Amino acid sequence: MARRHFVVIGGGLGGLATALRLSHRGHQVTLLEKTDQIGGRNRRQTLAGCEFDGGPTLMMMLDPFRKLFADVGERLEDHLTLTLCDPSYRVFYRDGARLEGTPNIARMLEQIQKLSGPDEAARYPGLIGELAELYHASIPHFVRKNYRSLWDFASPAQLKRVVQHRMLSNLGRRIDQRFSDPRLRMLFSFQTMYLGLSPYDAPWVYATLTYMEYGEGIWYPQGGMPAICEAVARLAQARGTEIRLSSPVARMEARSVTLESGETLTADAVICNADLPYAQEKLAVRPKQGRERRHSCSALVFYWPYEGSLPELLHHNIFFGRDFRGNLQAIFKDLQLPEDPAFYACVSSQTDSELTPPGWSNLYVLVPCPNLDRPFTDSDLESLRSQVFARLAEETSFQPDRVRGEALRTPRTWQSELNLNKGAAFGLSHDTFQSAFMRPPNIREGIYYVGASTVPGNGLPMVLISAELAEDRLERDGYL
Ligand SMILES: Cc1cc2nc3c(=O)[nH]c(=O)nc-3n(C[C@H](O)[C@H](O)[C@H](O)COP(=O)(O)OP(=O)(O)OC[C@H]3O[C@@H](n4cnc5c(N)ncnc54)[C@H](O)[C@@H]3O)c2cc1C
């Protein structure tokens, strides 16, 4: 096979993994990244001597990570040191109850029994069993799949799986039917928020996320989540990929790209990792027309260097508000800031003390909020910050005056820095009509796509599978 030249636009995990795969096969790869750092959403944030994960904090579903390294003749363990976070996270409910999520079924049963009684606990093993079956039916047959026609989805064998596991039934409602304690209902359905999707708008197939947490557990790579992208970038460069930072692309065609600087590069094929809705609207020569696509919600992320320890917090922590459904209604339907917002707090220095000066904590807080279908204002920012401060001070030893600086990502900055349309931090929505074969495919007008808004979807493991699918598509099209 002749040596090809591929241009990859974007140095997020999707672009880096594709570059690694292609350069491992002996091809010339040039990767063009807009910003001065690789990683995209999974980049480093540094402030006052503290290192923070920029976006993703939960490493779940190790199989696609292992597969990437194995496919290029390496072992994941030789490049990343992984620790299981067990307990996975601490949950803070508004009524004062707390629970520690864990993949240890016996400990989960004990805690559910204490929180909600024996009848509810008795329903838990059945849930895990059902989710395990769903996971093993959906990942190989629906997720790791390049759809070429409706038939790939609607073959008799596939339809049988859809019906058997009721994959398209409503996730929120199914969890509500199983448990009567509202605290358990939120606990086992909020995971769709990792996709920026309400569980009440999500098909059951996304309950695989709950399985990833409770069936397989949450992992941490030493050095922080960006260490994943850094390891992949190092390997890609070792195999010859040229990574050019601060190189924003202005325009792309099937066999060439033009940078904002005016420079043009030609290639045998172009693979776009810049988020698909933005790229098809702003970079493609013939912008995408037609029905407007639906976007995920956004997220306000605070990075706070904290002088002191926060012993009541684990590495991962979930704070539920008073009204779970009201929160979802505000974010997804009314496009308002939620009252008494739910949020997630991460202190990765609890696992990795090298990330901060001795005795400090790197406090990262993510508050889900509407995307830019509604403007995000400075008073929204003030209001959310003061509510988070108040809740943390109420439930932990947190003292606002020990916060020694602040960096932020808001819906506006997700859009301006990383080109995520509408500031939708998780890309295109994963509602039923933008999932599986209805998600924008990884090829359009001769340009290949990889990343969160094409198939199969959002999240680091999915983006790695997206790189597998892009490679498969290039191979079938005769480029490899
Ligand atoms: C706050 C937050 C929390 C998350 N938490 C988790 C989690 O815990 N676990 C998990 O698995 N996933 C999580 N995710 C999702 C995960 O981060 C994403 O799915 C994944 O990082 C997306 O990778 P990507 O390669 O598709 O895109 P990106 O990371 O967005 O990379 C795209 C790259 O393209 C570049 N680019 C854009 N336009 C141009 C241009 N014109 N020219 C050149 N380059 C360009 C961008 O600068 C960027 O570097 C989270 C996401 C967010 C935002």
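Computed from a prediction, not measured in an experiment: that's the story for all the values here. (Residues numbered from 1 in each chain as written. Predicted model: local features only at pLDDT ≥ 70, side-chain atom pairs only at ≥ 80, totals over all residues.)

A. Up close: helix H4 (residues 105-116). For H4, spanning 12 residues, the distance from its first C-alpha to its last is 16 Å, which sits close to the expected 16 Å at 1.5 Å a residue. Of all the residues in H4, the buried ones are Met108, Gln111, Ile112 and Ser116. Looking down the long axis of H4, one finds its buried residues gathered within 100 degrees of arc, a one-sided arrangement. Across from the buried face of H4, at angles greater than 90 degrees, the exposed residues are Ala106 and Lys114. Looking at the packing, one finds that the buried side of H4 touches strand E7 (98-101), helix H5 (118-122), helix H6 (124-143) and helix H10 (182-187). Where H4 terminates, the next one or two residues include Gly117, which has phi positive at roughly 100 degrees. (Helix = DSSP H or I, 4+ residues; strand = E, 2+ residues; numbered from the N terminus. Expected span 1.5 Å × (residues − 1). Buried ≥ 20, exposed ≤ 12 C-beta atoms within 10 Å, placed from the backbone. Arc of directions from axis to C-beta. Contact = placed C-beta atoms within 7 Å.)

B. Summary view of the site of the ligand. Around the ligand, 38 residues are found, and the nearest of them are Gly10, Gly12, Gly14, Gly40 and Gly451. Mapped onto the shell around the ligand, the elements with two or more residues apiece are helix H1 (13-24), strand E14 (298-306) and helix H17 (460-476). Broken down by element, the residue count for the shell around the ligand peaks at 3 residues, all from H1. Built from parts of two domains, the shell around the ligand gets at least three residues from each of domain 1 (5-82 + 223-293 + 432-476) and domain 3 (295-418). (Near = placed C-beta within 6 Å. Domains from an automatic or database assignment.)

C. Structural context of the sheet that holds strand E12 (residues 264-266). In spatial order, the strands read E10-E11-E12; together these 3 strands make up an open sheet with antiparallel pairing. Looking at the sheet topology across the chains shown, the edges are occupied by strand E10 (249-253) and E12. This sheet shows a mean twist of 15 degrees between the axes of neighbouring strands, independent of strand direction. For strand E11 (residues 256-259) and E12, the ladder comprises 3 bridges, and the chain directions are antiparallel. Within E12, the position partnered with Val257 by the bridge is Leu265. (Pairing = 2+ DSSP bridges. Axes fitted to C-alpha atoms, helices over the stretch in contact; angles between N-to-C directions.)

D. The arrangement of the domain arrangement of the chain in detail. For the chain, the domain assignment lists domain 1 (5-82 + 223-293 + 432-476), domain 2 (106-214) and domain 3 (295-418). Domain 1 and domain 3 are separated by 27 Å when their C-alpha centres are compared. Contact residues are listed per partner, giving 15 residues for domain 1 and 18 residues for domain 3. At 4 residues, strand E4 (residues 50-53) tops the list of elements feeding residues into the side of domain 1 that touches domain 3. Of the residues belonging to the side of domain 1 that touches domain 3, the class tally is 5 nonpolar, 6 polar and 4 charged. (Nonpolar A, V, L, I, M, F, W, Y, C, P; charged D, E, K, R; others polar.)

E. Structural detail: the nonpolar core. Counting 142 residues, the largest nonpolar core has Ile9, Leu16, Val232, Val270, Cys272 and Tyr448 as the members making the most contacts within it. Take this core: its biggest share by element is 9 residues, from H17. Every residue in contact with Val270, bar those within four places of it in the chain, is listed here: Val7, Ile9, Met252, Ala254, Arg255, Val257, Ile447 and Tyr448. (Core = buried A, V, L, I, M, F, W, Y, C linked by C-beta atoms within 7 Å.)

F. Layout of the sheet that holds strand E2 (residues 28-32). The strand order across the open sheet formed by 6 strands is E9-E2-E1-E13-E20-E19, and the pairing between neighbours is mixed. The strands lining the two open edges of the sheet, one partner per strand, are strand E9 (242-244) and strand E19 (443-444). Taken together, the 3 bridges between E2 and E9 define a ladder with parallel strand orientation. Pairing of Leu32 across the sheet is with Arg244, part of E9. Contacting strand E13 (269-272), E19 and strand E20 (447-449), H17 runs over the sheet at an angle of about 150 degrees to E20.

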